[in-house]
Amino acid sequence: MAAILTPATTGTHSTRLALPIAKPKLPIRRTHLVRCVHRPEISPFFHGAVGANRADWQSACAILSSKVATDSQHHQQTPQHHEAGDDTNHSLVPVVNGHSSAAAALDLVPVQLPQPLTIADLSPAPKHGSQLRVAYQGVPGAYSEAAAAKAYPNCDAIPCDQFEAAFQAVELWVADRAVLPVENSLGGSIHRNYDLLLRHRLHIVGEVQLPVHHCLLALPGVRKEQLTRVISHPQALSQCEHTLTAMGLNVAREAFDDTAGAAEYVVLNGLQDTAAIASARAAELYGMQVLADGIQDDSGNVTRFVMLAREPIVPRADRPFKTSIVFAAHDSEGTSVLFKVLSAFAFRDIGLTKIESRPHRQRPIRLEYETSRGGGGAASTAKQFEYTFYVDFQASLAERRAQNALAEVQEFTSFLRVLGSYPMDMTPWSITSNSSSSSSSSPGSQQ
């Protein structure tokens, strides 16, 4: 099937822009002719393909007629200069199969074609000295934005509404890196991101630890006595629960998507009776007043973020490295394989910094069949959870001991994947000093 574009004019020559076919007999008129020929043996989309249905033919004709209409508009906008007596000064009218209206002649159905990616969309990661595009979850003023600025100073931070959107931004080359939280010293692990690490094919290329300093924010002029509710991220609410009670704020507490988003929501809706728990950076961005500063229950509140990229980094052995892996046990092994895996690291004096278990998404239940000890009873069935394990250990994949440990772990597991081998965050920081600085400085200054 093919729709062949054959512009023709009167005279002895005719120019064809597609496959050569017999020269058609055209009426004597100065027009551009789009000849849409239904030929099932040829497809215009790629060589050797066959598309014999009418829908493909109509789509091809729509594309060709659209091109002719565009070319006609260009000719009409361009001034034409002709000498007197020349009969070539007639207006050029696009004609499809002898009709002046292409859409009416073909009775075409509108075709929604995907927009092609541009060079900017598919550009490689910026070279040294260029500005990195870093995706994070939340809105400006979120702690994730501060973590992105600490990990990549002077970066172009790209806010995303969901964690998965940040993963997809890197995969689709919209961003070069993503900085996402994986655990908090008070709230524990962010399970959603651990699941997404397994679902997507990004690599961990670094980590950053950010002290969290919460503030109670409200609209200017609002007093604590006027508040009837406090909104924020669920972990932020739990991290400030005792402090809010000690302040006498026995008000409703509602969960929100993120801390800075809660502050933005209060401002956009002009809520005089609602306060938000967020950073001082959010108060500065959205014009809110700080009713209380440093309201987290524990001053040692720290969130660990990981930096994600499309390609892994080359591991080194000249500085402290951390390696993250995920594995699942054989069907017959069950959770007993965990002891063997831990032994593989302990035998080589490799320290573990984290062990996280998540139910196996493809086979969450494992059945175990047992018969009675007497031999004559009926068999009983036990249902056990099947787990996937996440482990972080302090060693680089460039070290022989780490390579040997993973080789031994692979013997006990049905699935093993290295999420990344990356430098540890060795930046010294003080909880008190960083907490106070984070409340008054922008994310770009938290290096």
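No experiment lies behind these values; they were computed from the predicted model shown.

Here we look at the sheet that holds strand E18 (residues 387-393)
Read from one edge of the open sheet, four strands run E15-E18-E14-E19, paired in antiparallel fashion. Edge strands, defined here as strands with exactly one partner in the open sheet, are strand E15 (352-359) and strand E19 (413-423). Geometrically, the sheet is characterised by an average inter-axis angle of 15 degrees between neighbouring strands, direction not taken into account. Of the strand pairs in this sheet, strand E14 (residues 321-329) and E19 are connected by nine bridges, and their pairing is antiparallel. Residue pairing across strands places Thr323 opposite Ser421, the latter belonging to E19.

Regarding the side chain of Asn301
The residue Asn301 is located in the loop between strand E12 (289-293) and strand E13 (302-309) in this model. Assessed through its relative accessible area of 0%, Asn301 is described here as buried. Here Gln239 takes part through its side chain, which lies 2.7 Å from a polar atom of the side chain of Asn301. Apart from residues lying up to four places away in sequence, Asn301 is in contact with Asn184, Ser185, Leu186, Leu210, Pro211, Val212, His214, Gln239 and Gln296.

Some details on the sheet that holds strand E8 (residues 215-218)
Each strand in a sheet pairs with another by means of backbone hydrogen bonds, the pair being arranged parallel or else antiparallel. What the five strands build is an open sheet, ordered E10-E9-E11-E8-E12; its pairing is mixed. The open sheet terminates on both sides in strands that have one partner only, identified here as strand E10 (252-255) and E12. The mean inter-strand angle of the sheet, taken between neighbouring strand axes irrespective of direction, is 30 degrees. One ladder, built from three bridges, connects E8 with strand E11 (residues 274-278); its direction is antiparallel.

Some remarks on helix H3 (residues 143-151)
One turn of an α-helix holds 3.6 residues; hence residues three or four places apart share an orientation. Of all the nine residues making up H3, nine are buried; the element is thus mostly covered by neighbouring parts of the structure. Residues of H3 that are buried include every one of Tyr143, Ser144, Glu145, Ala146, Ala147, Ala148, Ala149, Lys150 and Ala151, and no others.

Re a nonpolar patch on the surface
On the surface, Leu342, Leu352 and Ile355 cluster together to form a nonpolar patch covering roughly 210 Å² of accessible area. The topology assignment puts Leu352 in strand E15.

Observations regarding the packing of aromatic side chains
Between two aromatic rings, the relevant description is the distance of the centres plus the angle of the planes. In total, this model carries five aromatic pairs according to the counting rule given. Between Tyr194 and Tyr390, the aromatic rings sit 5.1 Å apart at their centres with planes inclined by 70 degrees, giving edge-to-face as the arrangement. Here the residue Tyr194 occupies a position in helix H5 (residues 191-199), and Tyr390 occupies one in strand E18, the gap between them amounting to 196 residues. Here Tyr194 and Tyr390 have matching classes, each one buried. Consider the rings of Phe327 and Phe389, whose centres lie 5.5 Å apart with planes at 25 degrees: the pair is stacked. Placement of the pair is Phe327 in strand E14 and Phe389 in strand E18, with a sequence separation of 62 residues. We note that Phe327, like Phe389, is buried. Connected via pairs of aromatic rings, a cluster forms that spans Phe327, Tyr387 and Phe389. Across from the ring centre of Trp173, 3.8 Å away, lies the NZ or CZ of Arg310, which sits over that ring.

Looking at the pattern of salt bridges
Using the criterion set out here, one finds 16 salt bridges in the structure. Notably, a salt bridge pairs Glu183 with Arg304, separated by 3.1 Å at the nearest N-O pair. Placement of Glu183 in strand E5 (residues 177-184) and of Arg304 in strand E13 is noted, with a sequence separation of 121 residues between them. Owing to a relative accessible area of 22%, Glu183 belongs among the partly exposed residues under this scheme. A relative accessible area of 7% means that Arg304 is categorised as buried. When the shortest N-O distance is used, the salt bridge between Arg358 and Asp195 registers 2.8 Å. Placement of the pair is Arg358 in strand E15 and Asp195 in helix H5, with a sequence separation of 163 residues. Like Arg358, the residue Asp195 is buried in the burial classification.

A word on the packing of helix H4 (residues 163-171) against H5
The angle between the axes and the distance between the axes are what describe a pair of packed helices. Between H4 and H5, the shortest axis-to-axis distance is 10 Å and the interhelical angle comes to 30 degrees. Our classification of the angle between H4 and H5 gives roughly parallel. Where H4 crosses over H5, the two elements pack in a sense that is right-handed. Only Arg192, Asn193, Leu196, Leu197 and Arg199 of H5 make contact with H4, whose side of the interface consists of Phe163, Glu164 and Phe167. Each residue belonging to the contact of H4 with H5 can be placed in one class, and the counts come to four nonpolar, one polar and three charged.

Overview of unusual backbone geometry
Positive phi is not limited to glycine here, since Trp173 has a value of about 65 degrees. Relative to the elements of secondary structure, Trp173 occurs in the loop between H4 and E5. One non-glycine residue, Asp349, lies in positive phi territory at about 60 degrees. Within the element layout of this structure, Asp349 appears in the loop between helix H10 (337-346) and E15.

Quick word on the packing of H10 against helix H11 (residues 400-412)
Where H10 meets H11, the axes come as close as 9 Å, and the angle between the chain directions of the two elements is 170 degrees. Our classification of the angle between H10 and H11 gives roughly antiparallel. Remark: the crossing between H10 and H11 carries right-handed chirality. Every residue of H11 that contacts H10 at Val337, Lys340, Val341, Ala344 and Phe345 is listed here: Ala405, Leu406, Glu408, Val409 and Phe412.

What about the environment of Asn184?
Following the sequence through the fold, Asn184 ends up in strand E5. Sequence separation of Asn184 and Leu210 is 26 residues, and the distance between their C-alpha atoms is 9.6 Å. When near neighbours in sequence (up to four residues on either side) are disregarded, Asn184 contacts Ile190, Val212, Gln235, Gln239, Asn301, Val302 and Thr303. At a separation of 2.9 Å, a polar atom in the side chain of Asn184 contacts the side chain of Asn301.

Conventions we followed
- Residues numbered from 1 in each chain as written.
- Predicted model: local features only at pLDDT ≥ 70, side-chain atom pairs only at ≥ 80, totals over all residues.
- Heavy atoms only, no water.
- Pairing = 2+ DSSP bridges.
- Helix = DSSP H or I, 4+ residues; strand = E, 2+ residues; numbered from the N terminus.
- Axes fitted to C-alpha atoms, helices over the stretch in contact; angles between N-to-C directions.
- Buried < 20%, exposed > 50% of the residue type's maximum accessible area, 1.4 Å probe, protein only.
- Polar contact = N/O pair within 3.5 Å; in protein donor to acceptor, adjacent residues only side chain to side chain.
- Contact = heavy atoms within 4.5 Å.
- Patch = residues over 30% accessible without salt bridge, like charges linked within 9 Å, V, L, I, M, F, W, Y side chains within 5 Å.
- Areas by Shrake-Rupley, 256 points an atom, 1.4 Å probe, with all protein chains shown as cover.
- Salt bridge = Lys/Arg side-chain N within 4 Å of Asp/Glu carboxyl O.
- Phe/Tyr/Trp six-rings, centres within 6.5 Å; stacked < 30°, edge-to-face > 60°.
- Lys NZ or Arg CZ within 6 Å of the ring centre and 35° of its normal.
- Parallel < 35°, antiparallel > 145°, perpendicular 65-115°, else oblique.
- Left-handed = near helix turned anticlockwise from the far one by under 90°.
- Nonpolar A, V, L, I, M, F, W, Y, C, P; charged D, E, K, R; others polar.

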